[in-house]
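Structural features, examined
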Amino acid sequence: MTVISLRVNGEQVRADTEPGTPLLTVLRNNLGLKAAKFGCGQSSCGACTVWVDGRPIYSCDFPVEVVGDSEIRTLESLGTESEPHPLQQAFLDGQVGQCGYCLPGIIMRAAAFLRDHPAPRRADVAEALDPNLCRCGSHQRIIDAVLRAGRAGAP
Amino acid sequence: MNRSASLAANPLISSWLAVQEDGTVILRVGKVELGQGIHTALTQIATRELGLPPGKLVVAPVSTAGSPDEGFTAGSLSTQVSGAAVRAACATARRLFIEAAAAKAGVPASSLSVIDGDIRTPEGEIVGSYGSLAGQVDLGFEAAEPSQETDGSAQPDLQRLDLPDKIFGRPRFIQDLELPGMLHARVIRPPLLRAVLRDIPADARMRLAPSVQVVRDGDFLAVLSEREEAAAAAADGLSQRVIWEPAEELPDQSRLAAWLRAQPSETSVLANERKDGRERDETLVRASYSRGLLAHASIATSCALARFDGRLLEVWSHTQGIYPLRDAIAGAFGMDRSDVVVRHVEGAGCYGHNPADDAAFDAALLARRTEGRPVRVLWDRAAELGSGPLASAMTADVSAGIGADGSVSNWTYDVWSNGYTSRPGYAGNPGLLANGYRHGGRPLPASVDPSWEAGLGSGRNAVPAYTFGSAFVATHRVRSMPIRTSAIRSLGAHFNVFAIESFMDELAAAAGADPLAFRLALLDDERARAVISAAAEGAGWGQRREAVAARADTGLGLGYARYKNAGAYCAAVAEVEATESVRVRRIVVAVDVGHVVNMDGVRNQIEGGAVQAVSWTLKEQVRFGLDGITSLNWETYPVLRFSETPHVDVVVINRPGLPVAGAGECVAGPVAGAIANGLFAAIGVRVRTLPLTAENVVQAIG
């Protein structure tokens with residue numbers, strides 16, 4: 001067992017783990033951050049999407065020791081019910097989601113996209129979300145919410 | 001249905017409601033949240049009937065330790081059946097509380113009403129409340145169904161109760177649940193249903209970390225560890241080295257339809273009007289359609305936790321049926337049912353019988369060997385796509401005579417399929433995967449079909465809704481099951497409506513008729529005609545159809561069905577583009593689900609169901625070789641992505657006061673038919689095999 005030091009959501013934290021352990025497992029099991037989800041373990045559904053230095057990555061097969069000094073951010077740090085991120089507000093307003101399991105990953109990917117592409121076109125949003133899967137068919141509401149948040153000036 | 005089955009099984013108000021002294025009402029239901037918003041809809045029904053603000057009602061966690069037994073949450077019946085029971089319990093409770101307040105205040109009960117939980121006189125004087133009378137009103141009485149029909153007045157939609165947790169990333173799913181001291185488990189799976197665990201090579205065991213415990217029970221193999229990453233790594237290592245011996249070959253996928261027809265099967269005749277001979281002016285049209293197997297392909301993998309203290313077995317599961325699962329687990333282990341408790345915790349959307357129950361049994365089996373330590377089982381993606389129940393492949397032959405006047409006679413429809421249910425307890429078997437592998441367990445028999453009363457399985461929507469001179473419809477349920485099948489959202493209706501609606505367009509073409517006018521001429525039911533007309537109007541059928549057809553490679557297609565021939569009416573018009581692949585640009589869906597409880601909930605279910613049906617229809621099929629299923633990841637089992645998603649417009653025709661019909665499943669068949677017909681309109685080629693991939697289009701041209 002090795003102690004690994006990580007910067008997560010603005011805090012320096014330590015975790016007992018083995019090299020090769022996926023970042024997702026450390027976030028969920030060592031640090032109790034349950035927002036990012038396990039979906040496939042193969043970097044192909046996006047349920048586990050978090051930010052590493054502001055870039056959305058699949059954390060399910062991202063070895064934790066590769067993170068180094070990078071800053072990790074998860075959905076837990078994006079906004080709260082009293083101070084929601086504009087995307088979270090847009091998802092609430094649009095009643096976006098059915099089972100909601102894919103939402104944490106999708107919101108993290110969309111937040112990074114909006115930060116880099118203010119006021120995007122519909123087709124650009126759809127393309128930006130293609131690395132993430134939704135099985136309930138909430139795609140249209142999700143795209144609409146991202147566009148609304150963009151118009152509302154999401155950071 | 002005259003009386004709600006849920007109410008008949010749980011007649012006492014106290015089974016459904018408990019009122020606390022602070023005025024909070026606890027609502028107990030047996031229907032589970034699958035992401036469809038049922039607890040929100042039931043809260044809306046309950047608070048409206050009680051005269052309570054939504055914030056004063058709490059839906060209790062669903063468990064066999066205290067919830068009413070409502071069977072499975074399936075078949076688009078929850079709002080109707082559970083909703084009727086909740087409404088009856090709440091209406092009766094409200095009457096009892098009003099009577100208690102009236103007796104205390106010495107005023108006639110008929111003069112009192114409840115507003116925001118307070119019982120008031122016509123002058124507005126508060127003479128009691130749910131909270132103040134909580135200890136005095138006995139709810140141990142039978143709930144009476146309200147005499148008047150559902151109040152049809154408009155009510156604002158209650159927002160989804162579960163969404164804030166999900167949008168802010170708070171733990172809510174079963175995958176997020178931890179129990180003190182729990183062990184993480186992974187199960188090592190054979191590549192196909194019937195296989196024998198021949199050998200675990202010694203070097204495979206030697207490579208395992210010392211902290212990993214291997215559990216073998218017959219042909220069931222699992223690993224346990226304190227740490228999830230160690231269990232996962234051990235399972236990966238073992239599954240590469242363990243030697244399975246297939247006990248049965250799978251059919252040749254390229255000849256699946258022929259295989260289905262050649263198997264021994266059980267025939268059920270659903271409509272039996274045969275007319276001898278043909279009219280002179282009739283043209284006989286015939287065609288065959290088929291579809292491969294579909295996977296539920298939940299975005300999460302199945303998960304369960306279990307704890308056994310030597311007597312009581314507690315199981316946490318995202319099952320669709322806590323009581324059937326409890327009974328199946330108890331039956332498999334020969335335990336008393338009262339010694340097994342199943343607690344529901346939300347999982348991801350399941351869309352039918354996915355591996356949730358199997359995972360629960362895995363956890364239960366392992367927890368009986370860990371001396372009281374809880375066990376958490378998580379399936380991997382390959383197992384989720386290949387080891388759980390799948391939706392059967394189907395194939396159908398259709399023929400009919402078409403007269404010069406557009407009349408249809410001698411409609412004949414034969415469909416071959418595996419059964420559509422193997423839920424816990426089916427065919428007298430626990431129906432739990434690992435029970436088929438463990439020592440002393442029982443192998444899984446072939447899946448069966450739900451009864452006529454339950455809406456059928458392979459025969460769901462096999463009987464067309466149109467007025468024909470005569471119709472013969474038969475299902476042939478295949479009795480061998482090399483690939484395990486069970487219920488998927490809409491059961492056989494997705495395929496049957498695809499086949500029927502494709503064939504209706506083929507008949508219209510033979511008659512030289514417009515597909516819309518052709519259908520309307522054969523439908524008497526005004527509600528059916530209304531949804532078809534609304535979808536056509538919304539899509540600009542006519543003008544737009546010509547404009548779309550004028551563009552190369554695009555076309556509009558129509559599909560219609562009344563779900564289970566007794567539930568929601570649904571019509572869809574799809575705008576389809578076929579270039580190097582088939583794309584759906586836009587879908588207009590019109591739906592009549594009777595009285596609408598929560599309008600946004602209906603829209604959400606229809607939008608989602610339509611998009612999922614586009615995915616099934618355009619992209620999805622389970623792939624396999626002779627020795628196992630091979631579509632075990634998202635690359636080999638692709639589902640619709642964001643950039644492939646059509647724009648979906650939903651028109652809801654509300655029928656206040658009419659019986660409630662579920663919205664979750666009605667859209668799949670009409671969308672499949674609309675896409676197939678839109679593809680024909682686009683390229684003039686009739687593709688009769690799903691999915692509508694470039695490969696199947698080329699084969700149809702060939």
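Presented here is an overview of the structure given in this document. As the structure is a prediction and not an experimental result, all values here were calculated from the model.

Side note on the pairing of strand 19 (residues 408-417) of chain B
Two faces make up the sheet, and in a regular strand the side chains alternate between them. Residue and element names in this part refer to chain B. Here strand 19 lies mainly inside the structure; 10 of its 10 residues are buried. Alignment of strand 18 (residues 394-402) against strand 19, held across 8 bridges, turns out to be antiparallel. Across the sheet, the residue bridging to Asp397 is Asp414, located in strand 19. Counting the residues in the hairpin turn of strand 18 and strand 19 gives 5 residues, including Gly406, whose phi is positive at 90°. Bridging between strand 19 and strand 20 (residues 471-478) involves 7 bridges; their strand directions are parallel. Within strand 20, the position partnered with Thr412 by the bridge is Phe472.

Some thoughts on the pairing of strand 1 (residues 2-8) of chain A
Residues and elements named next belong to chain A. Across 7 bridges, the pairing between strand 1 and strand 2 (residues 11-17) is antiparallel. Each bridged residue has a counterpart across the sheet, and for Arg7 the counterpart in strand 2 is Gln12. Counting the residues that bridge the hairpin from strand 1 to strand 2 gives 2 residues, and of these Asn9 lies at a positive phi of roughly 50°. Summarising the sheet, strand 1 and strand 5 (residues 71-73) pair through 2 bridges and their orientation is parallel. Bridge pairing in strand 5 places Val8 opposite Ile72.

Here we look at the pattern of salt bridges
As enumerated under the stated definition, the model contains 49 salt bridges over all chains in all. Residues A:Arg141 and B:Asp600 are paired through a salt bridge, measuring 3.0 Å at the closest nitrogen-oxygen approach. Taken together, the residues span two chains, with A:Arg141 in helix 5 (residues 139-151) and B:Asp600 in helix 15 (residues 599-618). Ionic pairing is found between B:Arg369 and B:Asp217, a salt bridge with its closest N-O pair at 3.4 Å. Taken together, the residues B:Arg369 in the loop between helix 9 (356-367) and strand 17 (375-378) and B:Asp217 in strand 9 (residues 213-217) connect sequence positions 152 residues apart. Three or more residues joined by partner-sharing salt bridges are found here, namely A:Glu81, B:Arg160, B:Asp162, B:Asp165, B:Lys166, B:Arg170, B:Arg172 and B:Glu346.

Calculation notes
Along each chain, residues carry numbers from 1 onward, in the same order as the chain's sequence is written. Starting at A for chains and at 1 for ligands, labels are handed out in the order in which the entities are written. It should be noted that, the model being predicted, local features are given only for residues of pLDDT at least 70 and side-chain atom pairs only at 80 or more, the latter also being counted only at that level, while totals for whole chains, interfaces and linings use all residues. With hydrogens and water excluded, all non-hydrogen atoms of the structure serve as input to the side-chain values. When accessible area is computed with a 1.4 Å probe and restricted to protein chains, residues below 20% of their type maximum are described as buried, those above 50% as exposed, and intermediate ones as partly exposed. By definition, any uninterrupted DSSP run of H or I lasting at least four residues is a helix, any uninterrupted run of E lasting at least two residues is a strand, and each is numbered from the N terminus. Strand pairing follows a simple DSSP-based rule, namely that at least 2 bridges must link the two strands. Any carboxyl oxygen of Asp or Glu that lies within 4 Å of a side-chain nitrogen of Lys or Arg is treated as forming a salt bridge with it.

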